[in-house]
Structures are given as structure tokens and as C-alpha cells.
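Structural overview
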Amino acid sequence: MSITLNVNGAEHQVDTTPDTPLLWVIRDYLEMTGTKFGCGMAMCGACTVHMDGQPIRSCSTPVQLAAGKKITTIEGVSSSAASPVSRAVQQAWDDGQVVQCGYCQSGQIMSAIALLEKNPKPTDADIDSAMSGNICRCNTYQRIRGAIKEASKQLV
């Protein structure tokens, strides 16, 4: 079945079954490998992308649900056309040296951007709630929270 997707502002035609997880379409068909496979059960957040601006777990989202939606991957928020929030988050991540192994970071960044797009001045509780579905095995949670707070300051 041919499915049309809008990923990072570009239209793509993919020939796959409607129940194929969006993650595998992004990685295998579109060859965008920044979005990671972690658990396959939507519990770790490594596969987080935005669908119409909302963070979703692409490992458990059938590609058919993404048809007609605007999908943004980590590659899309890293482009020269990135939003001010995207740039602030990425700069704060770099400045705060958040990354340790880096595996979870694309999902962490996508969730942080979604939070700050909706709430540019989050409290610690807001940050904890928005980031609760993202697991970091290296335990950089304090650096992640600090980077989100720093990005928030840049948005004033």
C-alpha cells in the first residue's frame, strides 16, 4: 500500500503495510536514523517524534495514522529552518554537556522542544511530567532539567 507522509516538510511516498510502525518507515524507508529504537513498547521515549507538534512514540504508531499529518524528526529540528525553541534547546544541551552516551538524546530533545513550544516557562513539576516517558540509562536527568531551564531563559 502506498502511503504519503510529510516528514520534516517534505512529501514522501512509501510502499508498506498500514500497520508498519512509523519508526521503521522513518529509519528504513526514509533513511533518517536520528530517531532511535529503544524498547519497541512506547515506554522509553528513544523513538519520540512530533506529529502535528505533539510528541509521540513512533515505535508504536502505525504509519497509517501519520498519513496527512506533519511529522518532525530530530533531523527536522536540527535543520537551518529550526524554530527558536529548537535552537535554544539544542544550544542548552550543548552548553550543559547533557549527553553522556547519547542514545536517548534525540527523544529527550524532541520531548523538551514539545514542552517549551507549549509552555515556555515550565516549573520543575512541568518538566518532570513532560519528560517522564523518556528514560536515560546514563542518569543525566539533572543535566536534562538544567538544560530545559536554560533553554527557557533564552526564550524570554
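Numbers given for residues are sequential positions, taken from 1 along each chain in its written order. The model is predicted, so local features are restricted to residues of pLDDT at least 70 and side-chain atom pairs to those at 80 or more, both for listing and for counting; the totals for chains, interfaces and linings are taken over all residues. As a convention, hydrogens and water are excluded, and side-chain values are obtained from all of the structure's heavy atoms.

Some thoughts on the overall build of the protein chain
- Within the protein chain one finds seven helices and five strands.
- Helix and strand labels come from DSSP, where a helix needs a run of H or I of at least four residues and a strand needs a run of E of at least two; each type is numbered from the N terminus. Mapped from its N terminus to its C terminus, the protein chain presents α and β elements in the order β-β-α-β-β-α-β-α-α-α-α-α.
- Computation of the radius of gyration draws on C-alpha atoms, with the globule rule given as 2.2 Å multiplied by the number of residues to the power 0.38. Expected size for 156 residues packed as a compact globule is a radius of gyration near 15 Å; at 15 Å, the protein chain falls within 12% of this value.
- For the protein chain, the spread of C-alpha atoms along the principal axes amounts to about 45 × 30 × 25 Å.
- Only protein chains enter the accessibility calculation, which uses a 1.4 Å probe. A residue is then buried if its area is under 20% of the maximum for its type, exposed if over 50%, and partly exposed in between. Relative to its 156 residues, the protein chain shows a buried fraction of 44%.
- When charges are counted, neither His nor the chain ends are considered; positive counts come from Lys and Arg and negative counts from Asp and Glu. Where a charge lies is defined by one atom per residue type, namely NZ (Lys), CZ (Arg), CG (Asp) and CD (Glu). For the protein chain, the distance from the average site of its 13 positive side-chain charges to the average site of its 14 negative ones is 7 Å.

Let's talk about the layout of surface pockets
- A 1.4 Å probe that fits into a set of points on a 1 Å grid over the protein atoms alone but cannot get out defines a cavity; an open set with protein on both sides within 12 Å along at least five of seven lines defines a pocket, and lining residues are those with an atom within 4 Å of a point. Grid points are joined across faces, edges and corners, and a volume is the space filled by probe spheres set on the points. In this structure, the largest pocket occupies an estimated 410 Å³ of space.
- What lines the largest pocket is a set of 23 residues, and nearest its centre among them are His50, Gly53, Thr72, Ile113 and Glu117.
- With six residues, the top contributor of residues to the lining of the largest pocket is helix H5 (residues 105–118).
- Reported here for the second largest pocket is a volume of approximately 150 Å³.
- For the lining of the second largest pocket, the domains that each give at least three residues are domain 1 (2–77) and domain 2 (84–155). What fixes the domain bounds is an automatic or database domain assignment.

Focus on the packing of aromatic side chains
- In this analysis, rings of Phe, Tyr and Trp, with Trp reduced to its six-membered ring, are considered paired at centre separations within 6.5 Å, and the interplanar angle assigns stacked below 30 degrees, edge-to-face beyond 60, and tilted for intermediate values. The tally for this structure, following the rule as stated, stands at one aromatic pair.
- The interplanar angle of 35° and the centroid separation of 5.3 Å between the aromatic rings of Trp24 and Phe37 together place this pair among those described as tilted. Of this pair, Trp24 sits in helix H1 (residues 22–29) while Phe37 sits in the loop between H1 and strand E3 (48–51); the two residues are 13 residues apart in sequence, bridging distant segments of the chain.

Comments concerning the environment of Val156
- Tracing the backbone shows Val156 in the segment after helix H7 (141–154).
- Val156 sits in the exposed class, given a relative accessible area of 78%.

Some points on the environment of Val49
- On the secondary structure map, Val49 appears in strand E3.
- When the C-alpha positions of Val49 and Ile74 are compared, they lie 7.1 Å apart, and in sequence the two are 25 residues distant.
- By the convention used here, residues are in contact when the closest approach between their heavy atoms is within 4.5 Å. Among all residues touching Val49, those that are not within four sequence positions of it are Leu22, Ile26, Thr35, Gln54, Pro55, Ile56, Ser58, Ile71, Thr72, Thr73 and Met110.

Side note on the domain arrangement of the protein chain
- According to the domain assignment, the protein chain consists of domain 1 (2–77) and domain 2 (84–155).
- Computed from C-alpha coordinates alone, the two centres of domain 1 and domain 2 are separated by 21 Å.
- Across the contact, 20 residues belong to domain 1 and 14 residues belong to domain 2.
- Once two parts are joined, some of their accessible surface, as seen by a 1.4 Å probe, is lost; buried area is that loss totalled over both. Each partner contributes to the roughly 1,200 Å² buried at the junction of domain 1 and domain 2, and carbon and sulfur atoms together form 58% of this total.
- Sorting the residues of domain 1 by area buried against domain 2 places His50, Ile74 and Val77 first, and these three jointly supply 35% of that buried surface.
- Here a salt bridge means any side-chain nitrogen of Lys or Arg lying within 4 Å of a carboxyl oxygen belonging to Asp or Glu. Summed over the shared surface of domain 1 and domain 2, the result is zero salt bridges.
- Those elements that place two or more of their residues in the side of domain 1 that touches domain 2 are E3, strand E4 (54–57) and helix H3 (74–77).
- Under the scheme applied here, ten amino acids are nonpolar (Ala, Val, Leu, Ile, Met, Phe, Trp, Tyr, Cys and Pro), four are charged (Asp, Glu, Lys and Arg), and all others, including Gly, are polar. Each residue belonging to the side of domain 1 that touches domain 2 can be placed in one class, and the counts come to eight nonpolar, 10 polar and two charged.

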